[in-house]
Amino acid sequence: MLKVLVTEKISEAGLDVLRQDPEVQLFVKTGLSREELLAEVRDVDGMITRSGTPLDPEVLDAAKRLRAAARAGVGLDNIDLAEASRKGVVVINAPTGNTLAATEHTMAMMLSMVRKVPQAFQSLASGEWKRSRFLGRQLSGKRLLVVGLGRIGTQVAARCRAFGMEVSAYDPYVSQAKADRAGVRLMEDLKGALSLADVVTLHVPLTAETRGIIDGEAIKACRPGAYLVNCARGGLVDEAACAEALRSGHLAGAAIDVYDGEPPRPDNPLLADDIREKVILTPHIGANTEEAQSAVAVIACSNLLASLKGKPCENAVNLPFVEQSLPEGTRAFLSLARKLGYLAAHLSREPATQLKVSLRGPLFSPAEEPVCFEIPYHFSPFTVAGLKGYLEYSHGPEVNYMSAPMLAEDKGIRIEESRTGPGTWRNQVELELFSPGSREGISVSGTITEEGRQRVVNIGGYWIEFIPEGTVLLFSNHDRPGVIGKVGTLLGRAGTNIANFALGRRNGSGLAVGALQIDDDVPMPVLEELKKDVDLLWAVKVRFTEDL
Ligand code: NAD
């Protein structure tokens, strides 16, 4: 049985998903004290929370059996993602459930702002009948800038286009093709884009990069008389600068649902009396619709169950990708990248401080890019796989796709990824490891052949072809007669059978690289003897086990 603990009130629709599963033992325990929480989590396999349950290192440590935790919502501020990843706990959220709710609230705020609906209502409710005081502006014909063309930004763009607005977007992480599909003009420079917009609406997450994205300088860059909407996250807008711009008339209006610190303190600059005519404030209700609450609970609960049962789970935020959802041909490169990382680790003599991954060929072009979660990883699945392979050499097979990027960060390994057109092969993955002591990096490249077979095709600039399977003896030697025979004799004497042999030379170097595919194993004394041979610069044995 799978024990699932629900610690906060979530929609019945979500609980039903758990109740209907015969393999689930459900415990709904809300309002737990910290001591109670630490006791309750001890033997649960899965947890469903909202924002009120801290999953910090102490709680994660107490939850020895925990394998997955889902947040019925989007924000993960209460969950220590890095610690959960280190412990191999899959963290899930439900970012898609409230997309339409947040979109519609943005529209409500935008329309209310330009027509001063709340102010007009307050005036009427206080007994006034002042029609001329509420002269508004129309959206039709105005220029809208969407900052962040993700799920909500795209939906807002579609609705605003239907309102007759001319829509542009600033989002350095989306492709031109996506902007074209959304029918919006993609802007490259935020300040320039702000200077052209009549209405600016924010739909980015709060990250180190986006905190204060609309600061005093950005507000100054806005057109005089522009309107600002923030239904995304508090902290994106400098609230004091925004209030000042409303006061001076530089901004005509602001509609805000989220605050830098919630609930906002009474002295929050946006609550100042003298700007009441120009602001519309709501208490972070963007996702508050019955439909959204029920959708996020169902998504969180069904994803949790999928994860606990080892099935693909599309909303895991600390799994950099869902392996099963990658197309067959792409998955072969994933395994290859992992083997290349593992191989490179054998060749490097010092811990690496930098890993460079070059993805060459059409398979890796952004248009064909497989789904890749942005938070908190920015690398392609292939890079993460290469990293995992590299770390598995020193940390064993328990390094997973979740913990590999965290481990690399802990070890101070800088990761660089580039994508280019085809190299020697149509699609090719190249890994380069750098360490402080070595002048040159260690590079390994591989490809998948037309028949779908993995091949290592280059080591340290030497073109060589071998299959990364079973036991492979790799060595570099002085390129002179008799060396290969000597290696063969030594192995033969130890009863080691060579299944395949490949040699790579580099013009003018006087050196070569050899790869021998061995039937079973190379005994350690033989390897030691080879390493001592005057003609060999280095020799390593790599065992590509079945599970690699
Ligand atoms: P999303 O991940 O689908 O889209 C975010 C977009 O922002 C992505 O396209 C990303 O490329 C872009 N982005 C990231 N950094 C950027 C930068 N520096 N400059 C420009 N663009 C950048 O997210 P979403 O589901 O559309 O949600 C958008 C925001 O709305 C989030 O902050 C989310 O938390 C918030 N939200 C608020 C409510 C609410 O109650 N008010 C409800 C739901 C979502």
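These numbers were taken from a predicted model, which means no experiment stands behind them. (Residues numbered from 1 in each chain as written. Predicted model: local features only at pLDDT ≥ 70, side-chain atom pairs only at ≥ 80, totals over all residues. Heavy atoms only, no water.)

Caption draft 1: View of a nonpolar patch on the surface. On the surface, a nonpolar cluster with roughly 230 Å² of combined accessible area is contributed by I498, F501 and L503. Mapped onto the secondary structure, L503 falls in strand β20 (residues 498-505). Given a relative accessible area of 37%, L503 falls into the partly exposed group. (Patch = residues over 30% accessible without salt bridge, like charges linked within 9 Å, V, L, I, M, F, W, Y side chains within 5 Å. Areas by Shrake-Rupley, 256 points an atom, 1.4 Å probe, with all protein chains shown as cover. Salt bridge = Lys/Arg side-chain N within 4 Å of Asp/Glu carboxyl O. Helix = DSSP H or I, 4+ residues; strand = E, 2+ residues; numbered from the N terminus. Buried < 20%, exposed > 50% of the residue type's maximum accessible area, 1.4 Å probe, protein only.)

Caption draft 2: Expanded view of the site of the ligand. Around the ligand, a shell composed of 26 residues is seen, among which R151, I152, D171, V204 and C231 lie nearest. A distance of 2.7 Å is found between an oxygen atom of the ligand and a backbone nitrogen or oxygen belonging to V204. Interatomic distance of 3.2 Å between a side-chain N/O atom of H284 and an oxygen atom of the ligand. Burial of the ligand by the protein amounts to 89% of the accessible area it has alone, namely 860 Å². A per-class count over the shell around the ligand returns 14 nonpolar, 7 polar and 5 charged. (Near = heavy atom within 4 Å. Polar contact = N/O pair within 3.5 Å; in protein donor to acceptor, adjacent residues only side chain to side chain. Nonpolar A, V, L, I, M, F, W, Y, C, P; charged D, E, K, R; others polar.)

Caption draft 3: Highlighting unusual backbone geometry. Of note, the amide linkage connecting E262 to P263 takes the cis form, showing an omega dihedral of -5°. By the secondary structure assignment, P263 is in the loop between β11 (251-256) and β12 (279-281). Even without being glycine, K116 reaches a positive phi, approximately 55°. Note on K116: relative accessible area 23%, which makes it partly exposed. Of note, the phi angle at H284 is positive, near 45°, even though the residue is not glycine.

Caption draft 4: Here's a closer look at the packing of helix α16 (residues 483-493) against helix α17 (residues 524-532). Running from N to C, α16 and α17 point in directions that differ by 160°, and their axes come no closer than 10 Å. In terms of orientation, α16 and α17 fall into the roughly antiparallel class. Here α16 runs over α17; the crossing is right-handed. Contacts from V487, L490 and L491 of α16 reach α17 at V526, E529 and L530. The residue makeup of the contact of α16 with α17, split by class, is 5 nonpolar, no polar and 1 charged. (Axes fitted to C-alpha atoms, helices over the stretch in contact; angles between N-to-C directions. Parallel < 35°, antiparallel > 145°, perpendicular 65-115°, else oblique. Left-handed = near helix turned anticlockwise from the far one by under 90°. Contact = heavy atoms within 4.5 Å.)

Caption draft 5: Looking closely at the pattern of salt bridges. On inspection of all chains with the given rule, the structure shows 38 salt bridges. Its salt-bridge partner being R247, residue D274 comes within 2.5 Å of it at the nearest N-O pair. Within this pair, whereas D274 is found in the loop between β11 and β12, its partner R247 is found in helix α11 (residues 239-248), the two being separated by 27 residues in sequence. Overall, the relative accessible area of 52% leaves D274 in the exposed class. A residue is classified by how much of its surface remains accessible, and R247, at 34% relative accessible area, is partly exposed. Between E469 and R453 there is a salt bridge; the shortest N-O distance is 3.9 Å. A residue pair is termed long-range when its members are at least 10 positions apart, and E469 in the loop between β18 (462-466) and β19 (470-478) and R453 in the loop between β16 (442-448) and β17 (454-459) qualify at 16 residues. Of the residues examined, E469 reaches a relative accessible area of 40% and is grouped as partly exposed. What emerges from the salt-bridge pattern is a single network uniting D61, K64, E83, R86 and K87.

Caption draft 6: Region of the structure containing the environment of I152. Along the chain, I152 falls in helix α7 (residues 151-162). Overall, the relative accessible area of 23% leaves I152 in the partly exposed class. Discounting chain neighbours no more than four positions away, the residues touching I152 are T99, A102, T103 and H203.

Caption draft 7: Examining the sheet that holds strand β13 (residues 354-360) more closely. Read across the sheet, 6 strands follow the order β14-β13-β15-β16-β17-β18 without closing on themselves; strand pairing throughout is mixed. On the outer flanks of this sheet lie β14 (414-420) and β18, each paired with one strand and no other. With strand direction ignored, the average angle separating the axes of adjacent strands in the sheet is 20°. One ladder, built from 7 bridges, connects β13 with strand β15 (residues 428-434); its direction is antiparallel. (Pairing = 2+ DSSP bridges.)

Caption draft 8: The arrangement of the domain arrangement of the chain in detail. By domain assignment, the chain separates into domain 1 (2-97 + 293-318), domain 2 (99-281) and domain 3 (341-544). Look at where the C-alpha atoms of domain 1 and domain 3 centre, and you get two points 39 Å apart. Taken together, the contacts link 11 residues of domain 1 with 9 residues of domain 3. Between domain 1 and domain 3 lies a buried interface of about 800 Å² when both sides are counted; carbon and sulfur atoms form 62% of it. Its largest share of buried area at the contact with domain 3, domain 1 owes to S85, R86 and N318, together 47% of the area lost on that side. Inspection of the region where domain 1 meets domain 3 yields 0 salt bridges. Counting across the interface, domain 1 meets domain 3 through 0 residue pairs in polar contact (both at pLDDT 80 or more). (Domains from an automatic or database assignment. Buried area = accessible area lost by both parts, 1.4 Å probe.)

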